[in-house]
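Observations on the model geometry
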Amino acid sequence: MEVCIFFLYAMILLPGIAASVHQVKSFLNHTAYLSCYFPNSQKTDIKDLRVFWQKGTDEVVHEVYYGQEKLDNLSPKYINRTKMDMDRWTLQLLSAGIVDEGQYTCIIQHRDKGSPKVIHTSECFLHIIANYSQPEIAWLHTGELKPNEYLNLSCSSSGGYPEPRQMTWLISHGNTTRRLMHHMDVSQDAVTKLYNVTSKLNITVPKNILTNISCLLHLGEQLGSLVSVPLGIEIQGEEMEQVKINFFGPLIAVIVLITLLLGFVILKKNRNSLPTNQSVSLAV
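Read on for an overview of the structure.

Criteria and thresholds
- Residues numbered from 1 in each chain as written.
- Predicted model: local features only at pLDDT ≥ 70, side-chain atom pairs only at ≥ 80, totals over all residues.
- Heavy atoms only, no water.
- Core = buried A, V, L, I, M, F, W, Y, C linked by side-chain atoms within 4.5 Å.
- Buried < 20%, exposed > 50% of the residue type's maximum accessible area, 1.4 Å probe, protein only.
- Helix = DSSP H or I, 4+ residues; strand = E, 2+ residues; numbered from the N terminus.
- Salt bridge = Lys/Arg side-chain N within 4 Å of Asp/Glu carboxyl O.
- Disulfide = S-S within 2.5 Å.
- Pairing = 2+ DSSP bridges.

Let's talk about the nonpolar core
- Within the largest apolar cluster, 47 residues are counted, with the highest numbers of intra-cluster contacts made by W53, Y104 and I213.
- Considering every element that reaches this core, the biggest residue donor is strand β15 (residues 195-204), with four residues.

A short note on the pattern of salt bridges
- Following the criterion strictly, the structure yields three salt bridges and no others.
- Between D48 and R111 there is a salt bridge whose closest N-O contact spans 3.7 Å. Placement of D48 in the loop between β2 (32-35) and β3 (49-55) and of R111 in the loop between β8 (102-110) and β9 (117-129) is noted, with a sequence separation of 63 residues between them.

Overview of unusual backbone geometry
- In the segment running from Y161 into P162, the intervening peptide bond is cis, with an omega of 0°.
- Tracing the chain through its elements places P162 in the loop between β11 (150-160) and β12 (166-173).
- In this structure, S95 is a non-glycine residue whose phi angle is positive, near 45°.
- Looking at the element boundaries, S95 is found in the loop between β7 (90-93) and β8.
- Taking relative accessible area as the criterion, S95 reaches 42% and is therefore assigned partly exposed.

Some remarks on the state of the cysteines
- Here the structure, examined in full by the defined rule, presents two disulfides.
- Between the sulfur of C36 and that of C106 lies a disulfide, 1.5 Å long from S to S. The disulfide joining C36 to C106 has a torsion of about 60° about its S-S bond and is therefore right-handed. Residue C36 is located in the loop between β2 and β3, and its partner C106 is located in strand β8; the two are separated by 70 residues in the primary sequence. Note on accessibility: C36 and C106 belong to one class, buried.

Some details on the pairing of β15
- Judged by which residues are buried, β15 turns out to be one-sided: Y195, V197, S199, L201 and I203 face inward and are buried, whereas N196, T198, K200, N202 and T204, on the alternate face, are not.
- One ladder, built from nine bridges, connects β11 with β15; its direction is antiparallel. The residue of β15 that forms the bridge with S154 is K200.
- Hairpin connection, strand β14 (residues 184-188) to β15: the antiparallel pair is bridged by six residues, and K193 has positive phi, about 70°.

Take a look at the structure:
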């Protein structure tokens with residue numbers, strides 16, 4: 001840890017060497033690439049340099065001691081997890097996890113006459129990303145949904161990182177779309193540190209028109225959004241049932257009337273033909 005203290009002291013003595021903090025993103029359990037951003041304009045031989053990577057103020061991540069990798073000062077959790085690409089001055093952090101998220105500093109010293117001098121420092125902040133599952137809408141309503149009843153839905157997504165910003169409900173009727181932002185319940189797994197999120201919706205749905213409902217999970221700046229498969233609902237109102245009754249009622253009455261008229265005509269015709277048949281029989 002003495003090495004870290006020396007480097008931090010050197011950085012204080014040489015303000016302005018470190019540039020702004022570079023933002024780096026890496027997917028969970030993938031390799032993270034942390035660049036030193038060292039131009040090496042003097043073409044200095046690596047054998048004349050000491051290169052250190054440290055996290056925060058007390059963890060040595062990687063050390064190259066005048067051309068040779070050195071493990072003596074490394075934090076135990078980084079042993080066998082790092083590699084240095086000297087051509088690109090980039091540290092490879094293998095199988096990056098959520099615990100690896102944070103700020104890293106690259107410090108380069110040049111061996112010159114006397115004590116080594118810090119000639120370059122750079123800082124980067126590592127962000128870990130884990131993909132959320134596609135948001136899924138679940139039907140919480142029991143039984144058949146009737147007109148003027150409240151529709152209860154939930155939308156959930158799981159296994160992601162970092163914590164999302166919000167979840168929005170999209171409700172469409174024809175050419176009109178409404179956006180509703182309800183409370184989002186967030187939980188984090190104690191072991192994996194991954195997040196699960198759920199939002200609930202409780203609304204009435206218009207009658208006799210198709211309603212499409214989706215939920216949109218906002219993951220944050222530069223991470224985009226995830227949208228669920230839309231849920232389509234159409235509730236048949238009482239007035240529609242009344243229209244059907246009004247339409248089929250007269251139709252049935254007409255059919256019954258025609259049937260009665262035909263029956264009457266046939267019966268009358270049979271009665272008129274009966275005396276003629278009897279007279280013919282007597283004549284014989």
